[in-house]
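Descriptive structure summary
What follows is the residue order along each chain.
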Amino acid sequence: MDVSDALSDRPLAAPDAGLICGWRFFQDSSEPAQPVTADEAAAWLAAHGEEEPEADTKLETESEAPSKEFLWLHFNLSNALSQRWLERHAALPDTFFEALQEGLTSTRIERADDWLVAVLNDVNFEFNFESADLATLWIGVNDRLVVSARSKPLRSVDQLRAAVRSGDSPATTAELLEHLMRTQADVLVKVVRETTVKVDRIEDAILARRFDHPRAQLGKLRRLLVRLQRLLAPEPSALFRLLQHPPLWMSEDDRQGLAAASEEFSLMLRDMQTLQERIKFLQEEVAAAVNEDNSKSLFVLTVVTVLALPINILAGLFGMNVGGIPLAQDEHGFWIVVFIVFAFTVIAAWLAFRRHRSDD
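Below or above, wherever it landed, is the structure these notes cover. (Residues numbered from 1 in each chain as written. Predicted model: local features only at pLDDT ≥ 70, side-chain atom pairs only at ≥ 80, totals over all residues. Heavy atoms only, no water.)

This part takes up the overall build of the protein. Assigned secondary structure in the protein consists of ten helices and seven strands. Across the 360 residues that make up the protein, the buried fraction comes to 42%. Residue pairs at least 24 apart in sequence account for 70% of intrachain contacts in the protein once pairs closer than 6 positions are excluded. Within the structure as shown, the protein displays about 19300 Å² of accessible surface, and the carbon and sulfur contribution to it stands at 55%. (Helix = DSSP H or I, 4+ residues; strand = E, 2+ residues; numbered from the N terminus. Buried < 20%, exposed > 50% of the residue type's maximum accessible area, 1.4 Å probe, protein only. Contact = heavy atoms within 4.5 Å. Areas by Shrake-Rupley, 256 points an atom, 1.4 Å probe, with all protein chains shown as cover.)

A few words now on a nonpolar patch on the surface. Among the surface-exposed residues, Leu 309, Ile 313, Leu 317, Met 320 and Val 322 lie close enough to one another that they form a single nonpolar patch of about 460 Å² accessible area. Among the secondary structure elements, Leu 317 is positioned in helix α9 (residues 252-318). We classify Leu 317 as partly exposed; its relative accessible area is 44%. (Patch = residues over 30% accessible without salt bridge, like charges linked within 9 Å, V, L, I, M, F, W, Y side chains within 5 Å. Salt bridge = Lys/Arg side-chain N within 4 Å of Asp/Glu carboxyl O.)

This brings us to the pattern of salt bridges. Following the criterion strictly, the structure yields five salt bridges and no others. Ionic pairing is found between Arg 24 and Glu 69, a salt bridge with its closest N-O pair at 2.7 Å. Of this pair, Arg 24 sits in strand β1 (residues 19-26) while Glu 69 is found in strand β3 (residues 69-76), placing the two residues 45 residues apart along the sequence. Judged by relative accessible area, which is 13%, Glu 69 ranks as buried. Across the pair Glu 203 and Arg 278 runs a salt bridge, and its minimum N-O distance is 2.5 Å.

Before going further, it helps to spend a moment on the packing of aromatic side chains. Within the structure shown, the criterion is met by three aromatic pairs. Measuring from ring centre to ring centre gives 5.0 Å for Phe 25 and Phe 70, while their planes differ by 15°; the resulting arrangement is stacked. Of this pair, Phe 25 sits in strand β1 while Phe 70 sits in strand β3, placing them 45 residues apart in sequence. Across the pair, Phe 70 and Phe 25 agree in class, each one buried. Here Phe 75 and Trp 85 contribute two aromatic rings whose centre-to-centre distance is 5.2 Å and whose plane-to-plane angle is 40°, an arrangement assigned as tilted. Of this pair, Phe 75 sits in strand β3 while Trp 85 is found in helix α3 (residues 80-90), placing the two residues ten residues apart along the sequence. Note on accessibility: Phe 75 and Trp 85 belong to one class, buried. (Phe/Tyr/Trp six-rings, centres within 6.5 Å; stacked < 30°, edge-to-face > 60°.)

Now for the nonpolar core. Ranked by internal contacts, the top residues of the largest apolar core, which has 53 residues, are Phe 25, Trp 72 and Ile 139. In contact with Trp 72, not counting residues within four places along its chain, are Cys 21, Gly 22, Trp 23, Phe 25, Val 146, Ser 148, Val 157, Leu 160, Arg 161, Val 164 and Leu 176. In terms of nonpolar packing, the next biggest core, distinct from the first, is built from 27 residues, Ala 17, Ala 38, Trp 85 and Trp 115 among them. (Core = buried A, V, L, I, M, F, W, Y, C linked by side-chain atoms within 4.5 Å.)

All right, on to α3 then. Considered for burial, the residues of α3 that qualify are Ser 82, Trp 85, Leu 86 and Ala 90. Taken around the axis of α3, the buried residues stretch over an arc of 100°, which confines them to a single face. For α3, exposure combined with an orientation more than 90 degrees from the buried face picks out Ala 80, Arg 84 and Arg 88. Ala 91 lies just past α3 and shows a positive phi near 55°. (Arc of directions from axis to C-beta.)

Where helix α5 (residues 155-165) meets helix α6 (residues 173-207), the closest approach of the two axes is 8 Å, and the angle between their N-to-C directions is 125°. One element, α5, and the other, α6, form an angle in the oblique class. Crossing of α5 over α6 shows right-handed handedness. When α5 is examined against α6, the residues Arg 155, Ser 156, Val 157, Gln 159 and Leu 160 are found in contact with a partner set consisting of Leu 176, His 179, Leu 180, Thr 183, Gln 184, Val 187 and Lys 190. Among the residues making up the contact of α5 with α6, the classes are represented as five nonpolar, five polar and two charged. (Axes fitted to C-alpha atoms, helices over the stretch in contact; angles between N-to-C directions. Parallel < 35°, antiparallel > 145°, perpendicular 65-115°, else oblique. Left-handed = near helix turned anticlockwise from the far one by under 90°. Nonpolar A, V, L, I, M, F, W, Y, C, P; charged D, E, K, R; others polar.)

Time to look at the pairing of strand β7 (residues 145-150). Counting buried positions along β7 gives six out of six residues, so the element sits mostly inside the fold. Alternating positions in β7 separate into two faces, Leu 145, Val 147 and Ala 149 on one and Val 146, Ser 148 and Arg 150 on the other, with burial throughout. The sheet contact formed by β3 and β7 spans six bridges and is parallel. What sits directly across from His 74, in β7, is Ser 148. Note: strand β6 (residues 134-141) against β7, five bridges, orientation antiparallel. Bridging across to β7, Leu 137 finds its partner in Arg 150. (Pairing = 2+ DSSP bridges.)

Looking at Phe 75, the relative accessible area reads 0%, which means it is buried. It is 8.2 Å that separates the C-alpha atoms of Phe 75 and Ala 17, two residues lying 58 residues apart in sequence. If we ignore the near neighbours within four places in the chain, the residues touching Phe 75 are Ala 17, Gly 18, Leu 19, Ile 20, Ser 82, Trp 85, Leu 86, Val 147, Ser 148, Ala 149 and Arg 150.

Phi is positive for Ala 91, close to 55°, though the residue is something other than glycine. Of note, Ala 91 is situated in the loop between α3 and α4 (94-102). Among the residues examined, Ala 91 registers a relative accessible area of 52% and is labelled exposed. A positive phi angle is found at Asp 113, which is not glycine, with a value near 60°. Here Asp 113 lies in the loop between β4 (108-112) and β5 (115-123).

Written out as C-alpha cells, the structure reads:
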C-alpha cells in the first residue's frame, strides 16, 4: 500500500489490517525496496518464522548469519485491526504492546531480548506551531523486521517513506532506524529554524515598538519548545546507554551510525535550549517595556490629578454659598481667583515634574 501518510487517516480496508505501507528491503543496496501488502507481509513472516533456529542458539546464529532481507511495516493504530494483526503475525515482545497500552509518551529506547522497543515523539504532518501538534511513534526492531505504529500522521515518517519511494534502500534494520532518527532530527531542525524566524520578527517588532500582544506569541513558542525538549531530551541518553550493550545482530557500523544520529539529536536539543533562553530574555524585555508604559501612564494621571487639585479646592470653597466669601464684592475678584488658581497650578506642576526628573 503506497499512499501518502498525510492522507492515510481515512478508513482502511479490512485486508490491509491498518497497514499504511510495507516495504521489503535487501542487503544488496543495488536492489530497490519492494512494496508489500499485509497478506504478503504475513506470508513472509510465517515463512521466515518456520526457518528460525532454536531459541537457545538463536542469538548466536543470527549474529553469525544475519538475514539477507527484512521488512518495514508501518501501521495506523486508529484501525482496530492493526494491533490484532501485530499480535498474530509480528511476534513482537510484550514490551512493545505494554508501551502501546500504558499511554506514556516520554521518549525511550529499551532492549527486550533481541528486540529494540522505542517510543519516539514527532510533530504532526499538519504542524501549526501548537504544543498539541505533537504525536507519538512506537517502534519495534530486530534483525529482520521493523514495525512502526502511530495514531496521527507524522512528518518524519512521511519523509522517510518518500525517500524509500525515491530509491533510498537501507541495508539493515538498524540502518533504517538510523534513517528514521535522522529524518526526525531534520524535521525538528526545521521547526527550530521556523521558530527562530518567528522570534526574529517579534524581536524586530519589539525594538520598533510595533508589537501586538508579543507576550502571548512568545509564551506560545516557548511552551512548544519546552514540550519538545521534555519529550525528546531522554532520547540521546537512552540510546547511548543502549549502544553500550547492543543486540548481537547489530554490527559495529550500525552502532556507530545510531551513535552519530543520537549526537545530532543532542546538538538540536542544545539549539532548542539556546532559543528558549532567547525567548525568555525577550519576554523580560517586553515585561520591562510594559512596566515602563504603565509607569508613564500613571505619571500622566498623577500630574493631571495634581494640576486639577487647586481649582477643585477653590471651587469647593467658593461654592459653599455662605457669608463672608472673600472678593465677593470686588469687581476684580474673578480675575484674582483665576490668578491664584493659576499660580497654585504652576507651583504644583513644577513640583511634580521636578520630582519626576529627580527619580529618572
